[in-house]
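The lines below spell out each chain.
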Amino acid sequence: MKRGRAADAVKAARQATGMTQQQLSFEIYESREAVSQQENGRYRVQPNISKYFAEKHNNPWVALEAAAEYTGWGPVKLDGEVVDLHRASVAMKTKEELTEALQAIENVCVANHPRAIREYDKQHLEEAILQAIDAIVALTQYVAVICMDYGFSWFKMWQRHRTKLQAKGFIKR
């Protein structure tokens, strides 16, 4: 298996905490070899490591990278050369992406049946979808950065959100 972004995220998260592979293995009840194999990409990053860093160290990046690796899609940590993850920059970019997504959504009509849509309208719908995905990625970065910088628990915030959805009847318990 090729070493992926999730493996890099585990190693970076572990090193950021100052733990050795052995210390992490004690925390997650796995062997040091299992930790090493996940960090080196020989095995996929397991959910318990993702959950550990999100819950215990308020670091959502391992979970995001691992989920994207498992599914082949989804938000990941933006870490390219032109990315600035300072909270002010992330907030500004998120507002920009949300505005663009809202404008794109407002400019399409979904009232017509999908079989009756013209190619021109289909292209606009596709653009609206891409703009919405940009907004989802931006919001994910925003929530992660704000939670980490201000000490809100990423894990607890998602638990609270899930509880709210259940209370409103949007999801089953």
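Residues numbered from 1 in each chain as written. Predicted model: local features only at pLDDT ≥ 70, side-chain atom pairs only at ≥ 80, totals over all residues. Heavy atoms only, no water.

I'm lost on the overall build of the protein in this one. Help?
When helices and strands are tallied, the protein shows eight helices and zero strands. The order of α-helices and β-strands along the protein, N terminus first, is α-α-α-α-α-α-α-α. Each of the three principal axes of the protein carries a C-alpha extent, and together these read 60 × 35 × 35 Å. Within the protein, buried positions represent 30% of all 173 residues. Considering only contacts within the protein whose residues lie at least 6 apart along the sequence, 61% involve residues at least 24 apart. Surface accessibility of the protein: about 11700 Å² in total, with carbon and sulfur atoms responsible for 56%. (Helix = DSSP H or I, 4+ residues; strand = E, 2+ residues; numbered from the N terminus. Buried < 20%, exposed > 50% of the residue type's maximum accessible area, 1.4 Å probe, protein only. Contact = heavy atoms within 4.5 Å. Areas by Shrake-Rupley, 256 points an atom, 1.4 Å probe, with all protein chains shown as cover.)

What am I meant to see in a negative patch on the surface here?
Judged by side-chain charge, Glu100, Glu119, Glu126, Glu127 and Asp134 come together as a negatively charged surface patch. If you tally residues by element for the negative patch, the top one is helix α7 (residues 119–150), at four residues. Along the polypeptide, Glu126 turns up in helix α7. (Patch = residues over 30% accessible without salt bridge, like charges linked within 9 Å, V, L, I, M, F, W, Y side chains within 5 Å. Salt bridge = Lys/Arg side-chain N within 4 Å of Asp/Glu carboxyl O. Lys, Arg positive; Asp, Glu negative; His and termini not counted. Charge placed at Lys NZ, Arg CZ, Asp CG, Glu CD.)

Would you mind showing me how to read unusual backbone geometry here?
Residues other than glycine predominantly adopt negative phi, and peptide bonds predominantly adopt the trans conformation. Notably, Tyr29 is not glycine yet its phi reads approximately 60°, a positive angle. Following the sequence through the fold, Tyr29 ends up in the loop between α2 (21–28) and α3 (32–39). Taking relative accessible area as the criterion, Tyr29 reaches 77% and is therefore assigned exposed.

Help me understand the pattern of salt bridges in this model?
Side chains that carry opposite charge are capable of pairing whenever their charged atoms lie near each other. A complete count under the given rule lists nine salt bridges for this structure. Glu55 is the salt-bridge partner of Lys51, the closest N and O atoms lying 3.6 Å from each other. A residue pair is termed a helical-turn pair when its members lie 3 or 4 positions apart in one helix, as Lys51 and Glu55 do in helix α4 (residues 47–57) at four residues. Assessed through its relative accessible area of 31%, Glu55 is described here as partly exposed. Between Lys93 and Glu97 there is a salt bridge; the shortest N-O distance is 3.3 Å. Taken as a pair, Lys93 and Glu97 lie in helix α6 (residues 87–106) at a separation of four residues, close to a single helical turn. Residue classification places Glu97 among the buried residues on the basis of a relative accessible area of 9%. Members of the salt-bridge network, linked through shared partners, are Arg5, Glu65 and Asp79.

Looking at this structure, how should I read helix α5 (residues 61–71)?
Each turn of an α-helix holds 3.6 residues, which means side chains three or four residues apart point in the same direction. Regarding α5, the residues found buried are Trp61, Val62, Leu64, Glu65, Ala66 and Ala68. Phi for Gly72, located one or two positions after α5, is positive at around 85°.

Sorry if this is basic, but what is going on with the side chain of Ser25 here?
Relative to the helices and strands, Ser25 is located in helix α2. Excluding anything up to four places from it in sequence, Ser25 contacts Glu30, Ser31, Arg32 and Val35.

I keep staring at the packing of aromatic side chains and nothing clicks. Help me out?
Aromatic rings in a pair are described by how distant their centres are and how their planes are angled relative to each other. Tallying each qualifying case throughout the model produces two aromatic pairs. Ring geometry for Tyr52 against Phe53: centres 5.2 Å apart, planes inclined by 75°, an arrangement best described as edge-to-face. Residue classification places Phe53 among the buried residues on the basis of a relative accessible area of 0%. Seen from the ring of Tyr70, Arg44 lies directly overhead, with NZ or CZ sitting 5.0 Å from the centre. (Phe/Tyr/Trp six-rings, centres within 6.5 Å; stacked < 30°, edge-to-face > 60°. Lys NZ or Arg CZ within 6 Å of the ring centre and 35° of its normal.)

Teacher, can you tell me more about the nonpolar core here?
Where a protein is soluble and globular, its nonpolar side chains tend to be buried together. One finds Leu24, Val45, Ile49, Phe53 and Val62 to be the most contacted residues of the largest nonpolar core, which totals 14 residues. If you list the elements that add at least two residues to this core, you get α1 (5–17), α2, α4 and α5. Grouped together as the second largest cluster of nonpolar side chains are seven residues, Ala54, Leu64, Val145 and Trp154 included. (Core = buried A, V, L, I, M, F, W, Y, C linked by side-chain atoms within 4.5 Å.)

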